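Examination of the molecular architecture
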Amino acid sequence: MSNEAQTRKELIDLQLEQAGWSLAQGNLLEEVLLAPTKNKLAESGLPYRASPEFADYTLLGRDGKPLAIVEAKRTNRDPEVGKRQAEDYAELIKASYGVDPFIFLSNGLRTLFWERGRYPAREVSGFYSRDDLERLAFQRRYQQPLAKIAPNLQIVERPYQLEAIRRVTEALEQGQRKFLLVMATGTGKTRTVIALVDLLMRARRVQKVLFLADRVELVQQALGAFKDHLPDETRARLEAGQLDHAARVHVATYPGMMQLLQQSPVPFSHGYYDLIIADESHRSIYNRYRAIFNYFDALQLGLTATPTDYIDHNTFELFECPGDLPTFSYPYQTAVQEGYLVDYVALDAQTRFQLEGIRAGQLPPEVQQELTEQGIELSEIDFEGSDLERRVTNTGTNDAIVREFMEKCRKDASGTLPARTIIFAVSHRHALELWHSFNRLYPDMQRRGLAEVIDSHMERADKTLSDFKGDGMPRVAISVDMLDTGIDVPAVQNLVFAKPVFSRVKFLQMIGRGTRHWRDPQTGQAKSSFLIIDYWGNFAYFDMNTEGEIANPTEPLPVRLFRVRLEKLTLLHGRADTAVEAATAAQLRQMLDHLPLDNFNLRPHLPALQELAQPSAWENLTTATLDRLAEVIAPLLRFYPDVNLPVMSFELRTERLAVAHLNGQPERVESLRDKVIQDLRLLPTTLREVQAHAAKLAWMTGAAFWQNLTYERVMDLQQTFAPLMRYRQRQSQEIIKLNLNDQITSRRWIIYGPGGEGAFVENYREQVEAHLKELAGHLPALDKLRQGQPLDSAELSGLSEALNRPDLFITPDTLRQVYDVAEAGLPDLLRHALGLQHLAGREERIKESFDEFLAAHPHFSAVQINFVRAVRSAVLREAHLSEADLERPPFSRVGPVRRLFSSGELAELLDFANRLVV
């Protein structure tokens, strides 16, 4: 806006009124003359000014004295320019009234808040209310030095917990407002922060606290912990329509708080909370819930059990951690070494069907006959081990898992019954199948309630969980998701992974269910370790050994990308086109520039990395230099932060395409071409960012582009579409169900509402599809989708708002869960729900590729075919394979690879398999 008066009238006045300040309310004054007497100026040590001084706005407290001033500037000026001017006004008010007002600096578009003497000026998303400012004024007047307030040893007493509290309070005294605690599961994160809250409250530093968690169970657990350790503090769980403003401690789920912030008017002011605690802080906070932290101006404390090396860069950024170093870190191995947690031993156990899969010829004749009578073609019975409990169930496999567990598990003091155990199942249906196996094999124990299913499908699961935590039955909890994280049962001595886990962070959290100390009340014997039975090779998948040490992951995606670009640089080196070589060197240098140099793992390599940051270091490369880059520098890329998997995967694929083109490998180019085109076709064409390149997208997926492929075209392809791969849709697999003795059901439970509302997926899907069909006649945007027309951003926004309403709360996230379609956009999800299109999956494509590979090798023996099937299982897990991998389990259990295949066949198999991984 052209002048300050316009800015104030059209922007700032409205924002102040929304925060409860107005002339009509009598709590706001405009253009206040600041003219203390000469005597008062002299007493305050201020110079006398002959010209009058006027504050743009003065915000008054209930006592009629100024609480804050607002210095306004027109929109085309930075609000910071009025800082000194506002400070002079504040000094004049202090001389006149004896109070030091808070300061707001605003140009209507950006607003800064300044608590002089406490923190530097900081940007806020809106003005504070009168209650907020009076609470801050009380804290500023009565606050105590934090070093003089001791933590309550009745809440925490361990040295590392006390250190964590002091790390935060010392940083707070230095003016920091954001903190991140990294503490292994079982080390008492919640108790530590409750003790911190207690200390800050006693020091008059905070009065209103918000605790956020990602699941209803964890919110309830936190609420109970606050009740146990701070019984005198009022507390309440936040839910839509249930806001207890009198409570000093609020707990809520992230989605629940987002829902509250979407209300109109928002039931909270920007300064409503003094401290926000974010439990399980990880990338999803940055991606999905950052609006919470942007809205509230409060101290922010993040909690996570994720090891520091695996915390996403964006999480460090969110909590303003210098050098990607948390405020305090206490890792699992340190806790084990110091005796606060127990270590584990692991037993790897896989059944024959898990390794070899299930084929029609292996089934008994009577079962084959039964399937034929059901109308199922026997030729369709062709499943890999990785298909178990996802595409097919087999009673014998589940029986084998249960028998192995009962033979090898840690027992109770009697030596006859299993010690307390959690079995992680693939799905609710799988959990029931395992429960049926217990019933069949051990009916005498099941009559006493040995094993029970505990998940969100089961009615009164919370009561069964309470029984499991006690001294009686059940001893074995068969669970899906509910017990994976955040549940404390110290008596657990067995963890059974009857499911594959594809997230290292999730895997470590699940292991944390067994790490707590416990002493048998009957014998007095302490738990010194716990047993993990791994039926799905999870330890091998994450390259972790059985003593609990975490090895560095082999060939992470950034390392692979760096190596391929290095291979490309080697090919280009010595060619006439120095510009292309320099561009590749710049790509490599840019990757190195992103490495977090404060990471202690990189400190020994700082001189080399600093040298490589200079363009001159990449000129006149020698063979020795290239070898050093491959052997020493490339492995450091495992610490590359902020990896976007679809983007970097596409970069890797196009770099491999470039190398194949430079090497003159037409078959390799053809294979990669199909994968690249497939990636491009998964981009949502209704998205504005993709539509901007519609012509190029059509050209690059057409035959002409590939018939005359050049290196320059490949790089243009990468530069244009790699950034857009963050929007790439992933196709869902089509589930095939078989009945082998037991009834198979695909009923799953979904939490879809902000208050924890849930339903069976099938029921919810039916309601959603009926609702969408009903709305199609009333919402023009839905009608356009049915006619195949694209939607603009405004129509998408309006459609999202119309769908995310009680009672179904339809959002893209819930639709992805319902239809098992990851990363699909809202338009494609709705087309899928309306039956206008089908989204297929990655596994279908891999299966077809392996079928074609085997068809091209009809001379392979049965053992060779079984070996290829084991390779396919690894590819389905996205494992990149080497010859050494094929000499180890599970492949060596099928047969010795070098005896089964010639060197040429082995090289062909590896090349084929690894081309399917990325």
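Just above sits the structure.
I will try to describe carefully the structure that is included in this document. (Residues numbered from 1 in each chain as written. Predicted model: local features only at pLDDT ≥ 70, side-chain atom pairs only at ≥ 80, totals over all residues. Heavy atoms only, no water.)

1. Observations regarding empty space enclosed by the protein
Scanning the entire structure with this criterion turns up 5 cavities of 30 Å³ or more. Estimated volume of the largest cavity: approximately 120 Å³. Taken together, 17 residues form the lining of the largest cavity, with Leu136, Gln139, Arg177, Asp274 and Leu299 sitting closest to its centre. The biggest single contributor to the lining of the largest cavity is helix H4 (residues 130-142), with 3 residues. Here the residues of the lining of the largest cavity are counted per class, giving 7 nonpolar, 2 polar and 8 charged. (1 Å grid on protein atoms, 1.4 Å probe; cavity = no way out; pocket = protein on both sides within 12 Å on 5 of 7 lines; lining within 4 Å. Points joined across faces, edges and corners; volume = space filled by probe spheres on them. Helix = DSSP H or I, 4+ residues; strand = E, 2+ residues; numbered from the N terminus. Nonpolar A, V, L, I, M, F, W, Y, C, P; charged D, E, K, R; others polar.)

2. Considerations on unusual backbone geometry
Residue Pro265 is bonded to the preceding Ser264 through a cis peptide linkage, with omega at 0°. Position of Pro265 relative to the elements: it lies in the loop between helix H8 (254-261) and strand S11 (275-278). Of note, the amide linkage connecting Met473 to Pro474 takes the cis form, showing an omega dihedral of 0°. Structurally, Pro474 is set in the loop between helix H17 (461-469) and strand S19 (476-479).

3. Some words on the packing of helix H20 (residues 557-572) against helix H21 (residues 578-593)
Remark: H20 packs on H21, axes separated minimally by 9 Å, with the N-to-C direction vectors making an angle of 160°. In this view, H20 runs roughly antiparallel relative to H21, as classed from their interaxial angle. Here H20 runs over H21; the crossing is left-handed. Seen from H20, the contacting residues are Pro558, Leu561, Phe562, Arg565, Leu566, Lys568, Leu569 and Leu572; seen from H21, they are Val580, Glu581, Thr584, Ala585, Gln587, Leu588, Met591 and Leu592. Class assignment of the residues belonging to the contact of H20 with H21 gives a composition of 11 nonpolar, 2 polar and 3 charged. (Axes fitted to C-alpha atoms, helices over the stretch in contact; angles between N-to-C directions. Parallel < 35°, antiparallel > 145°, perpendicular 65-115°, else oblique. Left-handed = near helix turned anticlockwise from the far one by under 90°. Contact = heavy atoms within 4.5 Å.)

4. Focus: the sheet that holds strand S8 (residues 209-213)
Pairing is parallel in the open sheet, where 7 strands are placed in the order S9-S10-S8-S11-S12-S7-S13. Both edges of this open sheet fall to strand S9 (235-237) and strand S13 (328-330), since each of them pairs with a single strand only. On average, each strand axis in the sheet is inclined to that of its neighbour by 15°, with strand direction left out of account. Alignment of S11 against strand S12 (residues 299-304), held across 4 bridges, turns out to be parallel. The residue of S12 that forms the bridge with Ala278 is Gly302. With respect to the sheet, helix H6 (residues 189-202) is in contact with strand S7 (178-183), S8, strand S10 (249-253), S11 and S12, its orientation differing from that of S12 by roughly 160°. (Pairing = 2+ DSSP bridges.)

5. Structural notes on the packing of helix H33 (residues 812-819) against helix H34 (residues 826-833)
One can describe the packing of H33 onto H34 by two numbers: an axis separation of 10 Å at closest approach and a directional angle of 45°. With respect to each other, H33 and H34 are oriented oblique. Crossing geometry of H33 relative to H34 is assigned as left-handed. Residues Pro812, Leu815, Arg816 and Tyr819 of H33 lie in contact with H34, whose contacting residues are Leu826, Leu829, Leu830, His832 and Ala833. Of the residues contributing to the contact of H33 with H34, the split by class is 7 nonpolar, 1 polar and 1 charged.

6. Concerning the packing of aromatic side chains
Scanning the model with the defined rule gives 28 aromatic pairs in all. Here Phe268 and Tyr272 contribute two aromatic rings whose centre-to-centre distance is 5.0 Å and whose plane-to-plane angle is 75°, an arrangement assigned as edge-to-face. In terms of burial, Phe268 and Tyr272 fall into one category: buried. Each ring, one from Tyr272 and one from Tyr273, has its centre 4.8 Å from the other, and the planes form 75°; the classification is edge-to-face. Residue classification places Tyr273 among the buried residues on the basis of a relative accessible area of 1%. (Phe/Tyr/Trp six-rings, centres within 6.5 Å; stacked < 30°, edge-to-face > 60°. Buried < 20%, exposed > 50% of the residue type's maximum accessible area, 1.4 Å probe, protein only.)

7. Considerations on the pairing of S12
Most of S12 sits inside the fold, with 6 of its 6 residues counted as buried. Looking at chain direction, S7 and S12 are connected through 5 bridges and run parallel. Across the sheet, the residue bridging to Val182 is Thr304, located in S12.

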